Amino acid sequence: MGSTATGPELAASHDDEEAAPLVSAAGDGRRGAGTASQTRDLHLLSLAFFFVFLAYHAAQNLQSTVNTDGNLGSISLGLLYTSFTAFSVVGSPVVRGMGSSRALVLGTSGYLLFIAANLAPSWYTMVPASLYLGFTASIIWVGQGTYLTSAALSHARDNSLPDGPTLGSFNGEFWGVFASTQVIGNLISLALLRNGK
């Protein structure tokens, strides 16, 4: 019978994967390189969510205004959030199985597909894109929380900082950048609607 990791060994290997940087710095053997990696990953994660959700929030905010044929916009949003709610049950096991970094990539694909479907909105593009986004949204948010928490706690441990304030700082930066997408997304929607198109 082959050896299998159990208990603490399995938890340690899972924690190592969760704390792995989003972008590796090959050959960086400097002391404190982990600190730079964790803060760089925080900035990278925040910027990635900024650009994805900037486009998504602009598209979402215009759904009921632009996609009015048969209430396509409202129905697609209803399907999206209903499927998000239903798939939230499987989000955590999926992220646990694939790891948070891969979950972030998979989760992003749903938002990109939904945004692309808005370029040619019809029942055949919006409904499948909305259902798929509901599934991937459950994955991206579990992956985001898992990865951000792991990076913050690794940063705290590497720098002998208290866990709570470090986790608060990481979450503060991420959510501050994320909240700005709604403001900028609304400004984009305003600019688009101002011309009446």
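Bear in mind that the values here come from a model prediction, so they are computed numbers and not experimental data. (Residues numbered from 1 in each chain as written. Predicted model: local features only at pLDDT ≥ 70, side-chain atom pairs only at ≥ 80, totals over all residues. Heavy atoms only, no water.)

**Q** So what's going on with the overall build of the protein? Residues and values would help.
**A** Of the regular secondary structure elements, the protein holds 6 helices and 0 strands. In the protein, the succession of helices and strands from N to C terminus is α-α-α-α-α-α. In the protein, buried positions account for 34% of the 197 residues. Summarising the internal contacts of the protein: among those between residues at least 6 apart in sequence, 76% fall at separations of at least 24. (Helix = DSSP H or I, 4+ residues; strand = E, 2+ residues; numbered from the N terminus. Buried < 20%, exposed > 50% of the residue type's maximum accessible area, 1.4 Å probe, protein only. Contact = heavy atoms within 4.5 Å.)

**Q** Quick one: what's the story with the packing of helix 5 (residues 123-158) against helix 6 (residues 163-194), residue by residue and with numbers?
**A** Helix 6 packs onto helix 5 with a crossing angle of 135° between their chain directions and a minimal axis gap of 8 Å. Relative to helix 6, helix 5 is oriented oblique. Note on packing geometry: the crossing formed by helix 5 with helix 6 is right-handed. Across the interface between the two elements, Trp141, Gln144, Leu148, Thr149, Ala151, Ala152, Leu153, His155 and Ala156 from helix 5 touch Asp163, Thr166, Leu167, Phe170, Asn171, Phe174, Trp175 and Phe178 from helix 6. Looking at the contact of helix 5 with helix 6 residue by residue, the class counts come to 11 nonpolar, 5 polar and 1 charged. (Axes fitted to C-alpha atoms, helices over the stretch in contact; angles between N-to-C directions. Parallel < 35°, antiparallel > 145°, perpendicular 65-115°, else oblique. Left-handed = near helix turned anticlockwise from the far one by under 90°. Nonpolar A, V, L, I, M, F, W, Y, C, P; charged D, E, K, R; others polar.)

**Q** With reference to specific residues and values, describe unusual backbone geometry.
**A** Phi is positive for Asn71, which is not a glycine, with a value near 60°. Mapped onto the elements, Asn71 comes out in the loop between helix 2 (33-66) and helix 3 (72-98). A positive phi angle is found at Ser160, which is not glycine, with a value near 50°. Inspection of the secondary structure puts Ser160 in the loop between helix 5 and helix 6.

**Q** Explain the side chain of Ser46 to me, and be specific about the residues and the numbers.
**A** Along the chain, the position of Ser46 falls in helix 2. Ignoring sequence-local partners within four residues, the contact set of Ser46 consists of Glu173, Phe174 and Val177.

**Q** I'd like a description of the nonpolar core, backed by residues and values.
**A** Formed by 25 residues in total, the largest nonpolar core has its most connected members in Phe49, Tyr111 and Phe114. Elements supplying a minimum of two residues to this core: helix 2, helix 3, helix 4 (100-117), helix 5 and helix 6. Among the elements that make up this core, the one with the highest residue count is helix 5 (9 residues). When residues no more than four places from it in sequence are discounted, the contact partners of Tyr111 are Val52, Phe53, Tyr56, Leu133, Thr136, Ala137, Ile140 and Trp141. (Core = buried A, V, L, I, M, F, W, Y, C linked by side-chain atoms within 4.5 Å.)

**Q** Give me the lowdown on helix 5, citing residues and values where you can.
**A** Residues three or four positions apart in an α-helix share a direction because the helix packs 3.6 residues into each turn. In a regular helix each residue adds 1.5 Å, so 36 residues correspond to 52 Å; helix 5 covers 51 Å between its end C-alpha atoms and thus fits that length. Backbone geometry just downstream of helix 5 places Ser160 in the positive-phi region, at approximately 50°. (Expected span 1.5 Å × (residues − 1).)

**Q** Provide a residue-level description of the packing of aromatic side chains, including the pertinent values.
**A** Each aromatic ring pair is described using two quantities: the centre-to-centre distance and the angle formed by the ring planes. The full count for this structure, using the stated rule, is 17 aromatic pairs. Centroid distance Phe49 to Phe53: 5.6 Å. Interplanar angle 15°. Geometry classified as stacked. You can see Phe49 and its partner Phe53 sitting in helix 2, 4 residues apart, about one turn around the helix. For the pair formed by Phe49 and Phe53, the shared burial category is buried. With a centroid separation of 5.3 Å and an interplanar angle of 80°, the aromatic rings of Trp175 and Phe178 are classed as edge-to-face. You can see Trp175 and its partner Phe178 sitting in helix 6, 3 residues apart, about one turn around the helix. In this structure Trp175 comes out as partly exposed when scored by relative accessible area, which is 37%. Here Phe178 falls in the buried class, since its relative accessible area comes to 15%. Here the aromatic residues Phe49, Phe53, Tyr56, Tyr111, Phe114, Trp141, Phe174, Trp175 and Phe178 are joined through ring pairs into a cluster of three or more. (Phe/Tyr/Trp six-rings, centres within 6.5 Å; stacked < 30°, edge-to-face > 60°.)

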